[in-house]
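Below are the chains, spelled out letter by letter.
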Amino acid sequence: MNRRAILAVLGLAIALSAGMLGWSLRSAGSGVDPASGKAWTVPDVDTLPDSPVGRSVRQGRELVIHTARLIGPQAADPARRFAGNNLNCQSCHIAAGTKQFGLPLVGAYADFPNYRAREGRIGTIEERVNGCMARSMNGRALPSDSPEMTAIVAYLRFLSSGTARGAKTFGRGAGKMDELTRAADPVRGGRVFTQSCAGCHGLDGQGLRAQAGDQAPGYVYPPLWGPDSFNSGAGMARLITAANFIRANMPHGTTWKAPMLSLEDAWDVAAFINSQSRPQMQGLEADYPVRSEKPLDAPFGPYADSFSAQQHKYGPFAPMRAGKGEKR
Ligand code: HEC
Ligand code: HEC
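Residues numbered from 1 in each chain as written. Chains lettered and ligands numbered in written order. Predicted model: local features only at pLDDT ≥ 70, side-chain atom pairs only at ≥ 80, totals over all residues.

Peer 1: Please explain the overall build of the protein chain as it appears in this structure.
Peer 2: Helix and strand counts for the protein chain come out as 12 helices and 6 strands. The buried share of the protein chain, taken over its 328 residues, is 40%. Long-range contacts, defined as pairs at least 24 residues apart, comprise 61% of the intrachain contacts of the protein chain with a sequence gap of at least 6. (Helix = DSSP H or I, 4+ residues; strand = E, 2+ residues; numbered from the N terminus. Buried ≥ 20, exposed ≤ 12 C-beta atoms within 10 Å, placed from the backbone. Contact = placed C-beta atoms within 7 Å.)

Peer 1: Looking at this model, I keep getting lost on the site of ligand 2. Mind explaining?
Peer 2: Around ligand 2 lies a shell of 24 residues, among which Cys197, Cys200, Pro222, Pro251 and His252 are the nearest. Of the domains in this structure, domain 1 (47–159) and domain 2 (174–328) are the two that each give at least three residues to the shell around ligand 2. (Near = placed C-beta within 6 Å. Domains from an automatic or database assignment.)

Peer 1: Is there a simple way to think about the nonpolar core in this case?
Peer 2: As a rule of thumb, nonpolar side chains are buried together in soluble globular proteins. Ile152, Tyr155, Leu156, Ile246, Val269 and Ala270 are the most contacted members of the largest nonpolar core, which totals 65 residues. At the level of secondary structure, the elements contributing two or more residues to this core comprise helix H2 (52–65), helix H3 (67–71), helix H4 (94–97), helix H5 (125–134), helix H6 (147–159), helix H7 (186–196), helix H9 (239–249) and helix H10 (263–273). Here this core spans two domains, and each of domain 1 (47–159) and domain 2 (174–328) adds at least three residues to it. Residue contacts for Ile246: discarding those within four places in its chain leaves Leu261, Ala266, Val269 and Ala270. (Core = buried A, V, L, I, M, F, W, Y, C linked by C-beta atoms within 7 Å.)

Peer 1: Looking at this structure, I do not really get H5. What am I missing?
Peer 2: Since one α-helical turn is 3.6 residues long, residues separated by three or four positions face the same way. With 7 of 10 residues buried, H5 is to be regarded as a mostly interior element. As for H5, its buried residues are in contact with strand E4 (121–123) and H6.

Peer 1: Help me understand the packing of H9 against H10 in this model?
Peer 2: For any two helices packed against each other, the geometry comes down to the angle between their axes and how far apart the axes lie. It is the contact of H9 with H10, at a shortest axis distance of 8 Å, that shows an interaxial angle of 125°. Classified by the angle between their axes, H9 and H10 sit oblique to one another. Judged by the sense of rotation from one axis to the other, the crossing of H9 with H10 is right-handed. Every residue of H10 that contacts H9 at Leu239, Ala242, Ala243, Ile246 and Arg247 is listed here: Ala266, Trp267, Val269, Ala270, Ala271 and Ile273. Per-class residue counts for the contact of H9 with H10 are 10 nonpolar, no polar and 1 charged. (Axes fitted to C-alpha atoms, helices over the stretch in contact; angles between N-to-C directions. Parallel < 35°, antiparallel > 145°, perpendicular 65-115°, else oblique. Left-handed = near helix turned anticlockwise from the far one by under 90°. Nonpolar A, V, L, I, M, F, W, Y, C, P; charged D, E, K, R; others polar.)

Peer 1: What's the story with the environment of Thr124 in this structure? I'm lost.
Peer 2: Looking at the secondary structure, you find Thr124 in the loop between E4 and H5. On the neighbour-count criterion, Thr124 (14 C-beta atoms within 10 Å) is partly exposed. With 15 residues separating them in the primary sequence, Thr124 and Tyr109 have C-alpha atoms 9.2 Å apart. Setting aside residues no more than four positions away along its own chain, Thr124 makes contact with Phe112 and Pro113.

Peer 1: Hey, could you run me through the site of ligand 1 in this one?
Peer 2: Around ligand 1 sit 26 residues in total, of which Cys89, Cys92, Cys132, Ser136 and Gly235 are the nearest. Put simply, the parts of the chain that give the shell around ligand 1 at least two residues each are H5 and H6. If one sorts the elements of the shell around ligand 1 by residue count, H5 sits on top with 4 residues. Residues that form the shell around ligand 1 fall into these classes: 16 nonpolar, 7 polar and 3 charged. Counting only domains with at least three residues in the shell around ligand 1, you end up with domain 1 (47–159) and domain 2 (174–328).

Peer 1: Can you walk me through the packing of H5 against H6 in this structure?
Peer 2: It is at 11 Å that the axes of H5 and H6 come closest, and there the two elements cross at 110°. Taken as axis vectors, H5 and H6 run roughly perpendicular relative to one another. For the pair formed by H5 and H6, the contact residues are Ile125, Glu126 and Val129 on the first element and Met149, Ile152, Val153 and Leu156 on the second. Class assignment of the residues belonging to the contact of H5 with H6 gives a composition of 6 nonpolar, no polar and 1 charged.

As structure tokens, this is what we get:
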């Protein structure tokens with residue numbers, strides 16, 4: 001069979017299994033995988049029946065969208081306060097985790113369990129969620145058997161309907177734009193911030209609360225640093241992750257196909273944000289027990305090479321890759 005025929009059969013198989021389970025795929029309207037020609041599609045939660053599974057998946061989506069209200073520091077029931085800040089999963093996993101290169105959650109479940117360099121061992125999807133709970137949400141782990149974890153995993157599993165086990169879905173992560181040959185410049189990035197970001201996130205980067213006062217859960221515009229932000233161990237605290245996320249998604253509404261910021265502006269503004277103060281996570285030196293697997297932009301030591309902490313934080317990364325004999 002040629003490739004087109006294989007894709008057609010695959011598409012039919014997905015459509016059939018979807019039909020049997022009672023949901024359908026919706027085309028999310030963005031880019032096509034240049035390698036396979038496959039369009040970006042997202043299983044449509046709204047077409048699920050009002051069954052126990054359907055309800056659990058919907059509850060999981062609610063938790064991803066309204067994390068602060070449901071399990072944040074101001075959640076009605078003190079026993080359900082797991083997140084340590086008032087971000088939502090959706091603050092970073094844009095559109096409830098359905099946006100291409102908006103750190104989507106589509107396809108993630110199918111890729112777990114997998115080897116986690118940060119822990120140096122195989123990790124489950126529950127452990128991955130709790131990685132974000134401890135770092136991005138600066139909070140504590142959701143017990144594996146809690147109704148919240150069960151629902152989030154049901155949602156993640158649904159978002160991987162039709163994704164083959166172990167497949168690396170095109171559009172996952174935040175992208176991989178070209179790097180600068182110089183170090184990213186936080187001072188220049190500060191000017192980009194004032195011009196392109198402060199209108200929503202505030203000149204002080206503290207965002208805009210959903211309601212007046214500090215007691216309301218959630219934000220209209222989330223904070224980018226300070227006590228209610230992601231902590232120093234979060235993926236977003238790494239320059240390469242932040243710069244790609246920002247270029248593909250910010251100002252809010254931007255898509256990876258039509259970025260609004262220049263490469264330089266994206267790298268520099270990410271450097272500016274990650275130069276500000278944020279909650280410090282303890283014990284980070286234990287991350288990446290196999291040091292050679294540590295991402296170049298991890299903003300904390302120890303490192304396997306002799307490049308400065310400053311260069312790991314701001315780049316340029318090409319000389320560091322050359323030292324490791326690594327390609328991008
Ligand atoms: C401050 C930003 C931020 C917030 C908030 C956040 N995450 Fe994440 N999350 C990330 C980053 C960055 C990654 C790493 C993506 C990568 O590896 O390319 C990630 C990865 C993940 C993954 C693995 C995705 C994959 O493709 O393998 C899952 C699952 C996940 N997060 C779930 C959650 C859940 C559930 C919440 C809310 C409880 C949450 N995250 C909150 C930034 C965030
Ligand atoms: C039009 C308003 C708007 C503008 C302008 C904007 N953002 Fe955002 N940003 C948002 C919203 C809203 C979210 C949360 C995503 C969601 O809920 O859909 C967000 C999320 C983020 C996040 C991840 C969440 C967090 O709290 O860390 C980062 C990082 C970010 N923005 C950086 C930037 C940068 C840098 C710029 C300027 C280049 C920028 N944003 C411009 C509205 C905006």
